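# Fold and geometry: a report
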Amino acid sequence: VQITFEGYSATEATLLHLRDGVVEKLQCFDTGQTCVSVQIRTYAHRTRPSLIVQDIHIRNPTNSPITATIDQIAISDWQDVQSDSQSHLNSRQEDVKYLLSVGTVPVSNADNLHFVVGIASSKIPDTISISSGSSWSHQVFTTVKYTELPMSKKATKDELEKIKKLVKKSFERA
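Just so it is clear, the structure is predicted and the values come from calculations on it, not from any experiment.

## Side note on the environment of Ser129
- Its place among the elements puts Ser129 in strand β10 (residues 127–130).
- Ser129 sits in the exposed class, given a relative accessible area of 55%.
- For the pair Ser129 and His17, spaced 112 residues apart in the sequence, the C-alpha separation amounts to 30 Å.
- Those residues in contact with Ser129 that sit more than four places away from it in its chain are Ile66 and Thr67.

## Some remarks on the packing of aromatic side chains
- As enumerated under the stated definition, the model contains 2 aromatic pairs in all.
- With 4.7 Å between their ring centres and 75° between their planes, Phe5 and Phe29 make a pair best called edge-to-face. In this pair, Phe5 is assigned in the loop between β1 (2–4) and β2 (10–17) and Phe29 in strand β3 (residues 22–30), connecting sequence segments 24 residues apart. The exposure classification of Phe5 matches that of Phe29, with both residues buried.

Cut-offs and rules
- Residues numbered from 1 in each chain as written.
- Predicted model: local features only at pLDDT ≥ 70, side-chain atom pairs only at ≥ 80, totals over all residues.
- Heavy atoms only, no water.
- Helix = DSSP H or I, 4+ residues; strand = E, 2+ residues; numbered from the N terminus.
- Buried < 20%, exposed > 50% of the residue type's maximum accessible area, 1.4 Å probe, protein only.
- Contact = heavy atoms within 4.5 Å.
- Phe/Tyr/Trp six-rings, centres within 6.5 Å; stacked < 30°, edge-to-face > 60°.

Written out as C-alpha cells, the structure reads:
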C-alpha cells in the first residue's frame, strides 16, 4: 500500500522490529502548518502463518480536510495468472471485497518445474477524505497459499483449483 497527498511531499522511515516481527513505515507530509502522519504496520499473523496483516492509520491534525490517494500495489508481471474480484460477508456482516489470484511460478534453473501460488488480498478505496482533526484506520488482509513441492507444468492444472479453494477459504476466515 502506498499513500500520497497531492501537493505534499513526504519524509519517511521504515523500521524493522525483529523481536516483534513487524515492519513499520512512518510518513510525515508537511502541510506548512503541521504534519499529516501515515503509519503502516505489516506483520504475519502469529497463529495463522498464511495471513499477512497491514494496519493503516492516517492522522490529520490540520484545520482542513485532506484527501489521501491510496495505491494498492497489485500483481504485475506474473504470467499465467488468473485474477477474480470476490466478496463475502465477514463476522460483522460487512461486505468485504477482495482480489483472488492463482497462477504458476517457474522454478529458476529447473526445466518445466513450477509452484502453484494463490493470493487473496482485501481491496481498499482509491481515495479517502480525512476531516480536520481526525484520523482514519483500516486493516488489509492478505493470504498466501502454495504447493510445497514444484511440479511439471502439466501437473499444475489440478493443483490450481485446489490452491484457489484453499486461499479463498483462508481469506474468508481472516
